[in-house]
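Next come the chains, spelled out residue by residue.
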Amino acid sequence: MSGSSFKKNAFIVIGAIVIIIGVRYVSNFNTSIDTTLSSADQATTIISDSQPRTITTSSTTLSTSLQIREKQFSIECIGIVIEVIDGDTIEVESTEGFKAGETFTVRLADIDTPERYESGFSTSKSALYERIYGEIIGLDIDNQSIYGTYGRVIAVVYLQIDDSTVMNVNKWLVDTRYARINDFDTNEFNPYTWQLLYDIS
Ligand SMILES: [Ca+2]
Ligand SMILES: [Ca+2]
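Quick caveat: nothing in here was measured; it's all calculated off a predicted structure.

Student: Give me the lowdown on the pairing of strand 6 (residues 153–162), citing residues and values where you can.
Tutor: Sheet faces and side chains relate simply in a regular strand, where the side chains alternate between the two faces. Among the ten residues of strand 6, seven are classified as buried, and the element is accordingly described as predominantly covered. Bridge analysis of strand 3 (residues 103–108) against strand 6 gives three bridges, and the strand direction is parallel. Pairing of Arg107 across the sheet is with Ile154, part of strand 6. Relative to strand 6, strand 5 (residues 136–141) runs antiparallel, the two sharing five bridges. Its bridge partner lying in strand 6, Ile137 is registered against Leu159. Taken together, the four bridges between strand 6 and strand 7 (residues 165–168) define a ladder with antiparallel strand orientation. Bridge pairing links Leu159 to Met167 in strand 7. Following strand 6, the chain reverses through two residues before pairing antiparallel with strand 7.

Right, dumping it as structure tokens:
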């Protein structure tokens, strides 16, 4: 991706996805997540971040994007990938939504890549690095438990790859055989229903 294309896409990500965060927080997130997670300490972290956002683009764009999101996924955080730890674990600096301004570790939900001592470790880590290091990404965070082992945030990672397409990075790792599915029933995600690409035009 060229520099100008990256900037353009970055604007589109912020323009399109942030809007969704705003409306999701107002219409859905506050009500449904508030009740389901109110007993967990971590839940208050998300809720305290869920302030209404200003909607700045056209209503046409907004309604189209929302319709897609409501059906398929939601984004609760936008951030930058600042480190790739292994094929299924990354470090994210949040810029919007969940823990905005903070850095945290994200474990990609419902997939496994080889551990450090297993063959394939370096190739899966490199593949993920090449794909998302330094990129702006959206996170669909697990609303059921938020955190997994080692305090890592459980999430599906979304990357905008052109003006109208968002890619599910978890699914990409599976499809490219860098990862295999390991479907935990303790989270909100069902990897068997994932699509690789979503049209947000
Ligand atoms: Ca979620
Ligand atoms: Ca699951």
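Student: Let's hear about the nonpolar core: which residues, and what values?
Tutor: If you look at the biggest cluster of nonpolar residues, it comprises 37 residues, and the most contacted ones within it are Leu139, Ala155, Val157, Tyr158 and Leu173. Mapped by element, the contributors of at least two residues to this core are strand 1 (77–86), strand 2 (89–97), strand 3, helix 4 (121–132), strand 5, strand 6, strand 7 and helix 5 (169–175). For this core, the leading source of residues is strand 6, giving six residues. If we ignore the near neighbours within four places in the chain, the residues touching Leu139 are Ile75, Glu76, Cys77, Gly79, Val106, Ala155 and Val157.

Student: Outline the environment of Ile146, listing residues and values.
Tutor: Looking at the secondary structure, you find Ile146 in the loop between strand 5 and strand 6. Linking Ile146 and Asn187, residues 41 residues apart in sequence, is a C-alpha distance of 8.2 Å.

Student: For unusual backbone geometry, give the residues involved together with the corresponding values.
Tutor: Although it is not a glycine, Asp110 adopts a positive phi angle of roughly 60°. Mapping Asp110 onto the fold places it in the loop between strand 3 and strand 4 (111–112). Residue class for Asp110 comes out buried when judged on the 25 C-beta atoms lying within 10 Å of it. A positive phi angle, near 65°, is found at Tyr150, a position not held by glycine.

Student: Lay out the environment of Thr165 in plain terms, naming residues and giving numbers.
Tutor: Turning to its location among the elements, Thr165 is positioned in strand 7. Classification of Thr165 as partly exposed rests on a count of 14 C-beta atoms within 10 Å. Among residues more than four places away in sequence, those in contact with Thr165 are Leu197, Tyr198 and Asp199.

Student: Describe helix 4, with residues and values.
Tutor: If you check helix 4, its first and last C-alpha atoms are 17 Å apart, about what twelve residues at 1.5 Å a residue would give, namely 16 Å. Those residues of helix 4 not exposed but buried are Ser124, Lys125, Ala127, Leu128 and Ile132. Summarising the axial view, the buried residues of helix 4 lie within an arc of 160°, below the 170-degree limit, and thus occupy one face. What points out from helix 4, more than 90 degrees from its buried face, is the exposed set Ser122 and Glu130. In the segment just after helix 4, Gly134 is the residue with positive phi, at about 80°.

What counts and what doesn't
- Residues numbered from 1 in each chain as written.
- Chains lettered and ligands numbered in written order.
- Predicted model: local features only at pLDDT ≥ 70, side-chain atom pairs only at ≥ 80, totals over all residues.
- Buried ≥ 20, exposed ≤ 12 C-beta atoms within 10 Å, placed from the backbone.
- Helix = DSSP H or I, 4+ residues; strand = E, 2+ residues; numbered from the N terminus.
- Pairing = 2+ DSSP bridges.
- Core = buried A, V, L, I, M, F, W, Y, C linked by C-beta atoms within 7 Å.
- Contact = placed C-beta atoms within 7 Å.
- Expected span 1.5 Å × (residues − 1).
- Arc of directions from axis to C-beta.

Geometry only, nothing functional implied.
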